[in-house]
Structures are given as structure tokens and as C-alpha cells.
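So the chains spell out like this:
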Amino acid sequence: MSTGVPGLDEMLRGGLIAGRPYVVSGTSGSGKTTLAIQFLHDGVKRGERALMVAIDEPPAEIRENVRAMGWDVGKIRILDVHPAAKAFSKRVSMVEVAAQRSVGSLGDAGPSVKAEALKAASPDVSVQSLQLMLKQELQETKYTRVVVDSLTSLKKMAESTGDTDEGIMSLLRFLSEARVTSLLITDLPDPTELQPEIFISRGEIRLHKRMISNRTDRFVSIEKLRGSAHDALPRPMVITEKGIIVDSKKKVSKAAMRSLQAFNQ
Ligand SMILES: Nc1ncnc2c1ncn2[C@@H]1O[C@H](COP(=O)(O)OP(=O)(O)OP(=O)(O)O)[C@@H](O)[C@H]1O
Ligand SMILES: [Mg+2]
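Here the structure is a predicted model, which means the values were calculated and not measured.

Asks: Now, about the pairing of strand β10 (residues 243-246): what can you tell me, with residues and values included?
Replies: Looking at chain direction, strand β9 (residues 235-240) and β10 are connected through four bridges and run antiparallel. Across the sheet, Thr-240 pairs through a bridge with Gly-243, a residue of β10.

Next comes the structure, spelled out in C-alpha cells:
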């Protein structure tokens, strides 16, 4: 299955094996949400059904970002499960869990700030209720692509409602058994906090953003991919007004390589 980014598909030796969960990791602003939307958009372009579980960003903001890329946002499903929402309506199509304003207005804030805002904004949304909503939605509609943005926020949500990681594991198992191809977005650094989901996932795509000699350098690496060969080297990427572009033929700069090695130690 294509990721929607041709260069990344080449790094994955053809794309993702369909019907499995994958982790997309990276620091704030590294392009995780952009990649996720590109993946969903690629699906709807092919006539597939795609669902975004938007916890970090309010749907309105995501819609704006999608439109900025010149893409048709209408076909990506939004399902509103926020407790403040008046009713569970199937006509809207993005699972929105966090209170729109308090989280959305934070913009580029780091993960911990987002988590705090999330806690304050939606103390009564549980991982279980989200899983129920997802189950219902997946039973009714044959989705092929699902994104959870982000697992990190979901985890904070579970903590704040006293849920254990078991709830998250159960949700991941459910996604895996539903045979949808899912991208589970997680914040970095702190991969150790995310052991269970990285373990259950069949692969991890990591996005990197570094300041190197006064400019932002972006690159992508495949940390793991079960059942398939993959590119062992990180490759340069850019984010343009048309989305993410990866050059799978180019090597990253020596400085980028050094900074990667330092991070992995
Ligand atoms: N049209 C565009 N042209 C160029 N760069 C863009 C464009 N749209 C977004 N970007 C870049 O992409 C970055 C945002 O990426 P994105 O929101 O996907 O990151 P993220 O990894 O999801 O971050 P977070 O963890 O905060 O949610 C912006 O900071 C901006 O630098
Ligand atoms: Mg994001």
C-alpha cells in the first residue's frame, strides 16, 4: 500500500504491507500529521475509505492544512466523539477527542504542553470510549486506512482517566485484527515510553528535523519493517505546499548523519 509519498514507498521497497499497524515517530513539527494526511488522501484518491482519529489537532485545523495542500478534504472521514459534541453524528468524519480551542490554539507547542492541555480539556473521554466508537465505525464502514494522531496524547489521556496501558494495547490489537492499515503517530524523544505500541507495530517510520548550519534539515528513516526489506539509510525530505517529498536516491549530509548517530546513542 502506498504511503502517498513515492520516495518513501521506494525506501519501503514498494510501500506498506496492507492490513497492519505502523508507527510514525518524530519530534514536534517533523511532519507526522502531514504524512498521515498524505497517506489518507492517497487512499481516498484511489476510492478507498480513510479515517482520521484526531486527538492532537482539532478537525477544523486539519481541514485547513489539507486545503492548503490543494487536496480534497471532504472524503477523509471525521467522527466526532468529543463529550461536548451534541450528538454522535456520522455525517461529520473525524474522531475528535480533545476540546477544540484549548488544544488547537497551542499550535506548535511541545508534547508535554499538549498533554497538559488535553488533561484539562477532556477529563472524561476514556480510551475505552474511543475504542467503542472506533469499533462501531469500523463495523459500519469498510475503512482501509486509519490514522491515530497521536498515540502519545492517547496515552496521556489514559493516564489522566486512570486507565492502564492495557486499554491502549487492546485498541492496537483491535486495529490490527480489523485488518486496516493504520499509522499510529507518536512523539519523540522518549521512545522508551512507547515500548508496547512500537512492539506491536509492524514497522516504524521516523521523521527527523534538525537545525544544521542555521537551516532546518529534514530526513526520514525506516527503523523497522517486518516482513520486508527496506532502506537502511536515512533519506532527505522536504515539506512543500504539495506535501512531503522524499528523495530515496540521495544521501543525507554528513552533519545530519552525525546528529542522527548522536541521537541514537
Ligand atoms: N505548505 C507548507 N510548505 C512548507 N512547509 C510546510 C507546509 N505545511 C507545513 N509545513 C511544515 O511542516 C511542519 C508541520 O508538520 P506537522 O504538523 O505535520 O508536524 P508534526 O510532526 O505533526 O508536529 P506535532 O508533533 O507538533 O503535531 C510545519 O512546522 C512546517 O514547517
Ligand atoms: Mg501533528
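Having seen it, we continue.
Asks: Could you give me a rundown of the site of ligand 1, with the residues and numbers involved?
Replies: Close to ligand 1 lie 15 residues; Ser-28, Lys-32, Thr-33, Thr-34 and Ile-239 are nearest. It is helix α2 (residues 32-45) that contributes the most residues to the shell around ligand 1, three residues altogether. Partitioning the shell around ligand 1 into residue classes produces two nonpolar, eight polar and five charged.

Asks: Give me unusual backbone geometry: which residues, what numbers.
Replies: With omega at 5°, the peptide bond leading from Asp-149 into Ser-150 counts as cis. Notably, Arg-13 is not glycine yet its phi reads approximately 55°, a positive angle. Mapped onto the elements, Arg-13 comes out in the loop between α1 (6-11) and β1 (21-26). We note that Asn-214 has phi near 65°; this positive angle belongs to a residue other than glycine. Take Asn-214: it is sitting in the loop between β7 (203-212) and β8 (215-225). Note on Asn-214: 5 C-beta atoms within 10 Å, which makes it exposed.

Asks: Help me get a handle on the packing of helix α6 (residues 127-140) against helix α8 (residues 165-177), residues and values and all.
Replies: One can describe the packing of α6 onto α8 by two numbers: an axis separation of 9 Å at closest approach and a directional angle of 10°. When the interaxial angle is binned, α6 and α8 end up roughly parallel. With respect to the hand of their crossing, α6 and α8 are arranged in left-handed fashion. Residue-level inspection shows Val-127, Gln-128, Gln-131 and Lys-135 of α6 in contact with α8, the latter providing Gly-167, Ile-168, Ser-170, Leu-171 and Phe-174. Here the residues of the contact of α6 with α8 sort into four nonpolar, four polar and one charged.

Asks: Could you give me a rundown of the confidence of the model for the protein, with the residues and numbers involved?
Replies: Mean pLDDT for the protein: 78, with 77% of residues reaching 70 or above. Put simply, helix α4 (residues 100-104) is where the protein has its lowest mean pLDDT, 28, and α1 is where it has its highest, 98. Under a pLDDT of 50 for its full length, residues 82-112 has, in the predicted model, 70 contacts with residues more than four places off or in other chains. In the model, residues 118-123 has pLDDT below 50 throughout and makes 19 contacts with residues more than four positions away in sequence or in other chains.

Asks: Would you mind going over the environment of Leu-138 in detail, with residue names and values included?
Replies: On the secondary structure map, Leu-138 appears in helix α6. Judged by the 18 C-beta atoms lying within 10 Å of it, Leu-138 is partly exposed. In the structure, Leu-138 is positioned 42 residues away from Val-180 in sequence and 9.1 Å away in space, judged by C-alpha atoms. Setting aside residues up to four positions removed in sequence, Leu-138 forms contacts with Tyr-143, Ala-178 and Val-180.

Definitions and cut-offs
- Residues numbered from 1 in each chain as written.
- Chains lettered and ligands numbered in written order.
- Predicted model: local features only at pLDDT ≥ 70, side-chain atom pairs only at ≥ 80, totals over all residues.
- Pairing = 2+ DSSP bridges.
- Helix = DSSP H or I, 4+ residues; strand = E, 2+ residues; numbered from the N terminus.
- Near = placed C-beta within 6 Å.
- Nonpolar A, V, L, I, M, F, W, Y, C, P; charged D, E, K, R; others polar.
- Buried ≥ 20, exposed ≤ 12 C-beta atoms within 10 Å, placed from the backbone.
- Axes fitted to C-alpha atoms, helices over the stretch in contact; angles between N-to-C directions.
- Parallel < 35°, antiparallel > 145°, perpendicular 65-115°, else oblique.
- Left-handed = near helix turned anticlockwise from the far one by under 90°.
- Contact = placed C-beta atoms within 7 Å.
- pLDDT = per-residue confidence, 0-100.

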